[in-house]
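Letter by letter, the chains look like this.
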Amino acid sequence: MKVKVDDLEFEKMISFEAIEKRTAELGAILTEQYQDSLPVFLGVLNGCFVFMADLVKQVPVPCQIAFMKLSSYRGGLESTREIIEELDLKIDIAGRDVILVEDIVDTGNTLRYLVDKLRALKPKSIKVCALLYKPDAMEHEIPEMQYIGFEIENKFVVGYGLDYKEQGRNLKDIYQLVK
Ligand code: IMP
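Just so we're clear, the structure is a prediction, and the values are computed from it rather than from any experiment. (Residues numbered from 1 in each chain as written. Predicted model: local features only at pLDDT ≥ 70, side-chain atom pairs only at ≥ 80, totals over all residues. Heavy atoms only, no water.)

1. Quick look at the packing of helix 1 (residues 16–33) against helix 2 (residues 49–56)
Contact geometry of helix 1 with helix 2 gives a least axis separation of 9 Å together with a crossing angle of 55°. Classified by the angle their axes make, helix 1 and helix 2 are oblique. The two elements helix 1 and helix 2 cross, and the hand of that crossing is right-handed. Counting all contacts with helix 1, which are made through Phe-16, Thr-23, Leu-26, Gly-27 and Leu-30, the residues of helix 2 involved are Phe-51, Asp-54 and Leu-55. (Axes fitted to C-alpha atoms, helices over the stretch in contact; angles between N-to-C directions. Helix = DSSP H or I, 4+ residues; strand = E, 2+ residues; numbered from the N terminus. Parallel < 35°, antiparallel > 145°, perpendicular 65-115°, else oblique. Left-handed = near helix turned anticlockwise from the far one by under 90°. Contact = heavy atoms within 4.5 Å.)

2. Quick look at unusual backbone geometry
A cis geometry characterises the amide bond from Leu-45 onward to Asn-46, with omega recorded as 0°. Position of Asn-46 relative to the elements: it lies in the loop between strand 3 (40–45) and helix 2. Positioned with a positive phi, Leu-38 is a non-glycine residue whose angle comes to about 45°. Within the element layout of this structure, Leu-38 appears in the loop between helix 1 and strand 3. Assessed through its relative accessible area of 38%, Leu-38 is described here as partly exposed. (Buried < 20%, exposed > 50% of the residue type's maximum accessible area, 1.4 Å probe, protein only.)

3. Focus: helix 1
Here helix 1 spans 25 Å end to end across 18 residues, near enough to the 26 Å set by a 1.5 Å rise per residue. Within the sequence span of helix 1, burial applies to Phe-16, Ile-19, Thr-23, Leu-26, Gly-27, Leu-30 and Thr-31. End-on, the buried residues of helix 1 take up no more than an arc of 140°, which puts them together on one face. Turned more than 90 degrees away from the buried face of helix 1, the exposed residues are Glu-17, Lys-21 and Glu-32. (Expected span 1.5 Å × (residues − 1). Arc of directions from axis to C-beta.)

Structural data, given as structure tokens:
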């Protein structure tokens, strides 16, 4: 099935059912790892909002949820090097187990920036849970990246929270650009 988002055409890549199944698997692992530590799920907006909502429902342990907002894309297809911080972290993560929730890791620039910034706040641990990962685009070694939903080709994707020109976030499945 194909969809049009603004001026581009996309085709279905990962169904909601597959996302749901993988999210439950990740949730089970996190549930076991974070039983007694009152972890902080820290979401990176805007893209994480759908995944975060589905993920935390699969982790029935006491936890806190917080968000930060950064942007490295400016609504198009290309990543920019500059990272803009639009909404800062409001909770104290010193001594806490932090699970950083990302929609997608592309070049890893955003994640590198974020992990360095969070480390300076002295959490007990930082682990990254990313729904999508493009290994061929990755430019950094980030050992904190421990929980990955799907490794995908280096293609632009939309849906399930991910956007093209701020559109397409509400698509239930994930779609890739048709070339
Ligand atoms: P990175 O800094 O290059 O890893 O890019 C991270 C951010 O870029 C993600 O959190 C997304 O917001 C955005 N991004 C990267 N790849 C895609 C894509 O294929 N579709 C939509 N947004 C993307």
